[in-house]
Amino acid sequence: MGKGVDLEQIYSLYVNDVYRYIFSLCKNKTLTEDVVQETFYRAYLYVESYKMEKIKPWLFKVAYHTFIDVVRKEKRITYYDDLELLNTDVKGGQGRSAEEEYFVKDSIEQWFQALGSLSVTKRNVVLLRDYYQFSYQEIADIFDMSISKVKINIYRGRKELEMIMQEKN
């Protein structure tokens, strides 16, 4: 990350995004907390290997690889339904009525539930593209795959999500 980068500032800016991302992969609060802690520890250790990429995609790459390492080591993931933790950014006010706010929150929860039924690869790429607005190149770099493979997985994942959402309605 070079000399001008403050890890505490990075932590405060991105800890919630990293938490929501990891939680969406495993649906386990304890495992998520462990992975997030380990992610920022590794970010601190590897700060010198940072090559002035954008910080957020680099951090998500560290988080993803940390998640894979932790899951391999523990060989267990316990799922439980706690979408409220993912949706902490859905705030009231901002000109919406309580009824509109309910429908927005409900549709986000349905989307996350549907997302959970996709394969891990499709879930990852769709989540990073549609929820976190990462570029195709950033996603390709995080998962070490070609841009065309990223686009194909996003397309197929979105189609599956659309079918799942239509079945529920």
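Residues numbered from 1 in each chain as written. Predicted model: local features only at pLDDT ≥ 70, side-chain atom pairs only at ≥ 80, totals over all residues. Heavy atoms only, no water.

Quick word on the overall build of the protein
Counting its secondary structure elements, the protein contains seven helices and zero strands. Order of helices (α) and strands (β) in the protein, N terminus to C terminus: α-α-α-α-α-α-α. Taking all 169 residues of the protein together, 42% fall into the buried category. Intrachain contacts of the protein at a sequence separation of at least 6 include 67% that bridge at least 24 residues. A total accessible area of about 9,900 Å² is found for the protein, and carbon and sulfur atoms account for 51% of it. (Helix = DSSP H or I, 4+ residues; strand = E, 2+ residues; numbered from the N terminus. Buried < 20%, exposed > 50% of the residue type's maximum accessible area, 1.4 Å probe, protein only. Contact = heavy atoms within 4.5 Å. Areas by Shrake-Rupley, 256 points an atom, 1.4 Å probe, with all protein chains shown as cover.)

Topic: the packing of helix α1 (residues 7-26) against helix α2 (residues 29-45)
Between α1 and α2, the least distance of the axes is 9 Å, while the angle of their chain directions is 140 degrees. Considering the angle they form, α1 stands oblique to α2. Viewed along their axes, α1 and α2 form a crossing whose handedness is right-handed. The residues of α2 that touch α1, namely those facing Leu7, Ile10, Tyr11, Tyr14, Val15, Val18, Tyr19, Ile22, Phe23 and Cys26, are Lys29, Leu31, Thr32, Glu33, Val35, Val36, Thr39, Phe40, Ala43 and Tyr44. The residue inventory of the contact of α1 with α2, partitioned by class, reads 16 nonpolar, two polar and two charged. (Axes fitted to C-alpha atoms, helices over the stretch in contact; angles between N-to-C directions. Parallel < 35°, antiparallel > 145°, perpendicular 65-115°, else oblique. Left-handed = near helix turned anticlockwise from the far one by under 90°. Nonpolar A, V, L, I, M, F, W, Y, C, P; charged D, E, K, R; others polar.)

Re the packing of helix α5 (residues 120-131) against helix α6 (residues 136-143)
The contact between α5 and α6 brings their axes to 10 Å, and the two run at 145 degrees. The chirality of how α5 crosses α6 is right-handed. Counted together, Asn124, Val125, Leu128 and Arg129 of α5 and Tyr136, Ile139, Ile142 and Phe143 of α6 form the full contact between these two elements. For the contact of α5 with α6, the class distribution of residues is six nonpolar, one polar and one charged.

Focus on helix α7 (residues 147-168)
Here α7 is 22 residues long and its end C-alpha atoms lie 31 Å apart, about the 32 Å a rise of 1.5 Å per residue gives. Buried within α7 we find Val150, Asn153, Ile154, Gly157, Leu161, Ile164 and Met165. The arc that holds every buried residue of α7, seen down its axis, measures 100 degrees, which confines them to one face. Residues of α7 that are exposed and point more than 90 degrees away from the buried face comprise Tyr155, Gln166 and Glu167. (Expected span 1.5 Å × (residues − 1). Arc of directions from axis to C-beta.)

Notes on the confidence of the model for the protein
This prediction gives the protein a mean pLDDT of 78; 73% of its residues lie at or above 70. Per-element mean pLDDT across the protein ranges from 73 in helix α4 (residues 98-115) up to 92 in α7. Of the regions scoring below 50 in pLDDT, residues 76-93 engages in 44 contacts with residues more than four places distant in sequence or in other chains. (pLDDT = per-residue confidence, 0-100.)

Remarks on the packing of aromatic side chains
Applying the stated rule across the entire model yields 11 aromatic pairs. For the pair Tyr64 and Phe143, a centre-to-centre distance of 4.5 Å together with 85 degrees between the ring planes defines the contact as edge-to-face. Here Tyr64, found in helix α3 (residues 55-74), pairs with Phe143, found in helix α6; they are 79 residues apart in sequence, far enough to count as distant. One exposure class covers both Tyr64 and Phe143, and it is buried. (Phe/Tyr/Trp six-rings, centres within 6.5 Å; stacked < 30°, edge-to-face > 60°.)

Structural notes on the pattern of salt bridges
With the rule as written, the count across this model stands at seven salt bridges. One salt bridge in this structure joins Arg42 and Glu38, with 3.1 Å as the shortest N-O distance. Of the two residues, Arg42 and Glu38 are both situated in helix α2; the distance of four residues between them amounts to about one turn of the helix. Between Arg42 and Asp69 there is a salt bridge, and its shortest N-O distance comes to 2.8 Å. Residue Arg42 is located in helix α2, and its partner Asp69 is located in helix α3; the two are separated by 27 residues in the primary sequence. For Arg42, a relative accessible area of 18% corresponds to the buried category. One salt-bridge network, held together by shared partners, links Asp17, Arg20 and Lys56. (Salt bridge = Lys/Arg side-chain N within 4 Å of Asp/Glu carboxyl O.)

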